[in-house]
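Below are the chains, spelled out letter by letter.
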Amino acid sequence: MSHFSTVTTKLTNRECLVDALQDLQLTVQVYEKPQLLKGYYDDSEGKSAEIVVPGHTLNARADIGFLWDQEVKVYQIIHDAYETVPRLGENFFSHTLMQAYGKNMVRAKAAQLQEQLGECTITEETKGQVHTLRIAFSTHQQTQQVRR
């Protein structure tokens, strides 16, 4: 039977979450206040979220929502597994989304550190299931030679 499930995550950065969803080619709607989600039977089951991936954009009958939990300070995922798993895959939230979110968090932190450390480059490398991001900051080094 189709219904919404709520999963507490470790997602804390709104901008990085939205960017990750967009990186994964999903249509994202962002609201200041939670909006009712559309469920499988056209009802919301009382579920709402500030970040919404409309179900119709996935050829699904239920939306995906991300609701900020003020008490715990993380986002909750509200989705209907009956609709999301066939379209996005069983590991979408635990692997695919988390990897895209992690990349955006690294880029955001690098941008923040650039102010202190100067320009940086980010390189990506994938070996099997391991994906590595390396950040290199080009600091101005001064070399002196001293004669004795």
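Counting restarts for each chain, with residues numbered from 1 along the sequence as it is written. Per-residue local features are limited, in this predicted model, to residues with pLDDT of at least 70; the limit for side-chain atom pairs, both in listing and counting, is 80 or more; totals at the level of whole chains, interfaces and linings are taken over all residues. To obtain the side-chain values, all non-hydrogen atoms of the structure were used and water was disregarded.

### Here we look at the pairing of strand β7 (residues 130–137)
Formally: Here the rule is simple: two strands pair whenever DSSP picks up at least two bridges between them. Each helix corresponds to a stretch of at least 4 residues labelled H or I by DSSP, and each strand to a stretch of at least 2 residues labelled E; elements are numbered beginning at the N terminus.
Note that strand β6 (residues 120–127) and β7 share 8 bridges and pair antiparallel. Residue pairing across strands places Glu-125 opposite Thr-132, the latter belonging to β7. Where β6 folds back onto β7 in an antiparallel hairpin, the turn is made up of 2 residues, including Gly-128, whose phi is positive at roughly 65 degrees.

### Things to note about the pattern of salt bridges
Keep this limit in mind: In what follows, salt bridge is the name for a side-chain nitrogen of Lys or Arg lying within 4 Å of a carboxyl oxygen of Asp or Glu. Relative accessibility under 20% of the residue-type maximum defines a buried residue, over 50% an exposed one, and the middle range a partly exposed one, all with a 1.4 Å probe and only protein chains included.
Applying the stated rule across the entire model yields 3 salt bridges. For Lys-38, the salt bridge identified is with Asp-42, shortest N-O distance 3.5 Å. The class for Lys-38 is partly exposed, based on a relative accessible area of 40%. For Asp-42, a relative accessible area of 58% puts it in the exposed group.

### Quick word on the packing of aromatic side chains
Quick reminder of the rule: Each Phe, Tyr or Trp ring (for Trp, its six-membered ring) is paired with any other whose centre lies within 6.5 Å, and the angle between the two planes then decides the class: stacked below 30 degrees, edge-to-face above 60, tilted in between.
Under the defined criterion, the tally for this structure stands at 4 aromatic pairs. Pairing Trp-68 with Tyr-75 gives two aromatic rings, centres 4.9 Å apart and planes at 65 degrees, and the pair type is edge-to-face. The class of Trp-68 is partly exposed, set by a relative accessible area of 25%. By relative accessible area, which is 3% here, Tyr-75 ends up buried. Each ring, one from Phe-92 and one from Phe-93, has its centre 5.2 Å from the other, and the planes form 80 degrees; the classification is edge-to-face. Residues Phe-92 and Phe-93 agree in their burial class; the two are buried. Counting every residue linked through ring pairs, the aromatic cluster contains Tyr-40, Tyr-41 and Tyr-82.

These figures capture arrangement, not role.
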